[in-house]
Amino acid sequence: MTELESSQDITAEPAEEMYGTVGAVACDKEGNVAAATSTGGTTFKRLGRVGDSPVIGAGTYADNRTCAVSGTGTGEYFIRIAAAHHVSALMAYEGLSVQKACDKVIHEKLSELEGEGGVIAIDAERNMGISLNSEGMYRGWIGQDGNPVAKIYKES
Ligand code: ASP
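Computed from a predicted structure; not experimentally measured. (Residues numbered from 1 in each chain as written. Predicted model: local features only at pLDDT ≥ 70, side-chain atom pairs only at ≥ 80, totals over all residues. Heavy atoms only, no water.)

Draft legend 1. Spotlight on a nonpolar patch on the surface. Taken together, the side chains of V50, V55 and I79 make up a nonpolar region of the molecular surface, amounting to roughly 220 Å² of accessible area. For V50, the location among the structural elements is in the loop between β2 (33–38) and β3 (60–62). Judged by its relative accessible area of 56%, V50 is exposed. (Patch = residues over 30% accessible without salt bridge, like charges linked within 9 Å, V, L, I, M, F, W, Y side chains within 5 Å. Areas by Shrake-Rupley, 256 points an atom, 1.4 Å probe, with all protein chains shown as cover. Salt bridge = Lys/Arg side-chain N within 4 Å of Asp/Glu carboxyl O. Helix = DSSP H or I, 4+ residues; strand = E, 2+ residues; numbered from the N terminus. Buried < 20%, exposed > 50% of the residue type's maximum accessible area, 1.4 Å probe, protein only.)

Structural data, given as C-alpha cells:
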C-alpha cells in the first residue's frame, strides 16, 4: 500500500486529536495589523480537505479598523461561523473590545456548535485578545514590559 493509499484508510481511528497549526498576529508602529496561519490540517483528514486556515474570514483575517485574527481548532466549525471575521465584526458593529470579541466567538459561537479551539488577535492599539475552549493552546507574545510570555493551558 502506498503512503497515499494508507492515508485514506477511513476505518482507522486517530489515536488522539492532534492539531498542528501555527498562527501569528502583529501590529506595526503605524497601527497596521496582519495575521498569518499555517496548518497541516487535522489528524486523519480526508484527502483534499481544505480547513479554515487558508480561508480568509474563517481561520485568518485582518482589518486595520478592527483587528487581526488567527485561529486553530476544528476548522469546519471555524468556517461555518466565519470565526476570524466574526471577531472583527463584533468589534466593528457592537463595539466590543478585542478580548470580549474573541471570548464571544469561542465561548458562544464555537462552543454552541461543539467546535473546539482558540483564537489569537491584536487590534491597532496593540491590545491582545486570546480565547480558547480547548484544554490548551501553545501561545506566546512579548508583553508591554518587553518580556516574552509563553503559556499552554487555559488558566495558566
Ligand atoms: N484549524 C485547522 C484545520 O481545521 C487545524 C488546526 O488548527 O490544527 O485544518
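Still more ground to cover, so stick around.
Draft legend 2. Seen up close, the sheet that holds strand β5 (residues 117–123). Strands sit in the order β3-β4-β5-β6 across an open sheet of four strands; the sheet is antiparallel. Only two strands of the sheet have a single partner each, and these edge strands are β3 and β6 (128–132). On average, each strand axis in the sheet is tilted by 10° relative to the strand beside it, whichever way the strands run. Two elements, β5 and β6, share five bridges in a ladder whose sense is antiparallel. Bridging across to β6, I122 finds its partner in M128. On top of the sheet, helix α3 (residues 83–94) reaches β3, β4 (67–73) and β5; it is set at about 145° to β4, its chief contact. Relative to β6, helix α4 (residues 98–112) is tilted by about 15°, and along the sheet it contacts β4, β5 and β6. (Pairing = 2+ DSSP bridges. Axes fitted to C-alpha atoms, helices over the stretch in contact; angles between N-to-C directions. Contact = heavy atoms within 4.5 Å.)

Draft legend 3. View of the packing of α3 against α4. Close contact between α3 and α4 brings their axes to 9 Å; oriented N to C, the two are set at 130°. Relative to α4, the element α3 is oriented oblique. Viewed along their axes, α3 and α4 form a crossing whose handedness is right-handed. Judged by residue contacts, A83, H86, V87, L90, M91 and E94 of α3 engage V98, A101, C102, K104, V105 and K109 from α4. (Parallel < 35°, antiparallel > 145°, perpendicular 65-115°, else oblique. Left-handed = near helix turned anticlockwise from the far one by under 90°.)

Draft legend 4. Examining the site of the ligand more closely. In the vicinity of the ligand lie twelve residues, with T21, R49, D52, T72 and G73 positioned nearest. Between the ligand and the protein, one listed contact pairs an oxygen atom with a side-chain N or O atom of T72 at 2.6 Å. Contact between the ligand and G75: an oxygen atom at 3.0 Å from a main-chain N or O atom of the residue. Relative to its unbound accessible surface of 270 Å², the ligand loses 100% to contact with the protein. Here the residues of the shell around the ligand sort into one nonpolar, nine polar and two charged. (Near = heavy atom within 4 Å. Polar contact = N/O pair within 3.5 Å; in protein donor to acceptor, adjacent residues only side chain to side chain. Nonpolar A, V, L, I, M, F, W, Y, C, P; charged D, E, K, R; others polar.)

Draft legend 5. Molecular detail of α3. Helix length check: α3 (twelve residues) gives 16 Å between terminal C-alpha atoms against 16 Å at 1.5 Å per residue, within 8%. Taken residue by residue, α3 has A83, A84, V87, S88, A89, L90 and M91 as its buried positions. At the C-terminal side of α3, G95 shows a positive phi close to 70°. (Expected span 1.5 Å × (residues − 1).)

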